[in-house]
Amino acid sequence: MTSETYDRIYEVIEQIPEGNVATYGQIARLAGLGGHARLVGYALHACDRPVPWHRVINARGEVSDRADAYAEQLQHRLLAKEGVRFDERGRIALEQFRWEDEEADAE
DNA sequence: CGTCTGACGATAT
DNA sequence: TATATCGCCAGAC
């Protein structure tokens, strides 16, 4: 655990059910970070835990452009394998696959 | 301790 | 709808 903040983020991501996706901003809110989506992305960048990072996408409903293009393909494949479909532009219908958490109130 | 950068989000144009 | 800009926090140098 790099910091308690990161651990909180990983914990939220691990709660994302299969076949669903969550945005960085949503995770940040559930983790109690407010709307600091950047921290979520940065946390995943330094992730040392086996979290389902492939279920984490940006607010536009698409996979963020990261350094390793290979991981990007992997993310698309993993999501497709779970039933998540992409449109012609390579974007996900958030209104359909977005994970709706009911425990936004952590403590 | 100052500065730059980064898996983002929202708003403006 | 796409592009450009600012704000946010934490880590690397």
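Up top is the structure.
This one's a predicted model, so the numbers in the text were calculated from it and none came from an experiment.

(A) View of the protein's contact with DNA strand C. In the vicinity of DNA strand C lie seven residues, with His-36, Arg-38, Leu-39, Tyr-42 and Arg-91 positioned nearest. Considering DNA strand C, the proportion of its atoms within 4 Å of the protein that are sugar or phosphate atoms stands at 70%. The contact in question runs from a sugar or linking oxygen of DNA strand C to an N or O atom on the side chain of His-36, over 3.3 Å. In this structure, a phosphate oxygen belonging to DNA strand C sits 3.4 Å away from a side-chain N or O atom of Arg-91.

(B) Structural view of the packing of helix 1 (residues 4-14) against helix 3 (residues 37-45). For the pair helix 1 and helix 3, the least separation of the axes is 10 Å and the interaxial angle reads 90 degrees. If you check the angle between helix 1 and helix 3, you find them roughly perpendicular. Facing Tyr-6, Ile-9, Tyr-10 and Ile-13 of helix 1, the residues of helix 3 in contact are Leu-39, Val-40, Tyr-42, Ala-43 and Leu-44. Among the residues forming the contact of helix 1 with helix 3, the class breakdown is nine nonpolar, no polar and no charged.

(C) Just the nonpolar core, in detail. Within the largest apolar cluster, 19 residues are counted, with the highest numbers of intra-cluster contacts made by Ile-9, Ile-13, Ile-16, Ile-27, Val-40 and Val-56. Every element with two or more residues in this core is listed here: helix 1, helix 2 (24-30) and helix 3. Considering each element in turn, this core owes the most residues, five residues, to helix 1. Counting seven residues, the second-largest nonpolar core is a separate cluster that includes Ile-57, Leu-79, Val-84 and Phe-97.

Rules and cut-offs
Residues numbered from 1 in each chain as written. Chains lettered and ligands numbered in written order. Predicted model: local features only at pLDDT ≥ 70, side-chain atom pairs only at ≥ 80, totals over all residues. Heavy atoms only, no water. Near = heavy atom within 4 Å. Polar contact = N/O pair within 3.5 Å; in protein donor to acceptor, adjacent residues only side chain to side chain. Axes fitted to C-alpha atoms, helices over the stretch in contact; angles between N-to-C directions. Helix = DSSP H or I, 4+ residues; strand = E, 2+ residues; numbered from the N terminus. Parallel < 35°, antiparallel > 145°, perpendicular 65-115°, else oblique. Contact = heavy atoms within 4.5 Å. Nonpolar A, V, L, I, M, F, W, Y, C, P; charged D, E, K, R; others polar. Core = buried A, V, L, I, M, F, W, Y, C linked by side-chain atoms within 4.5 Å. Buried < 20%, exposed > 50% of the residue type's maximum accessible area, 1.4 Å probe, protein only.

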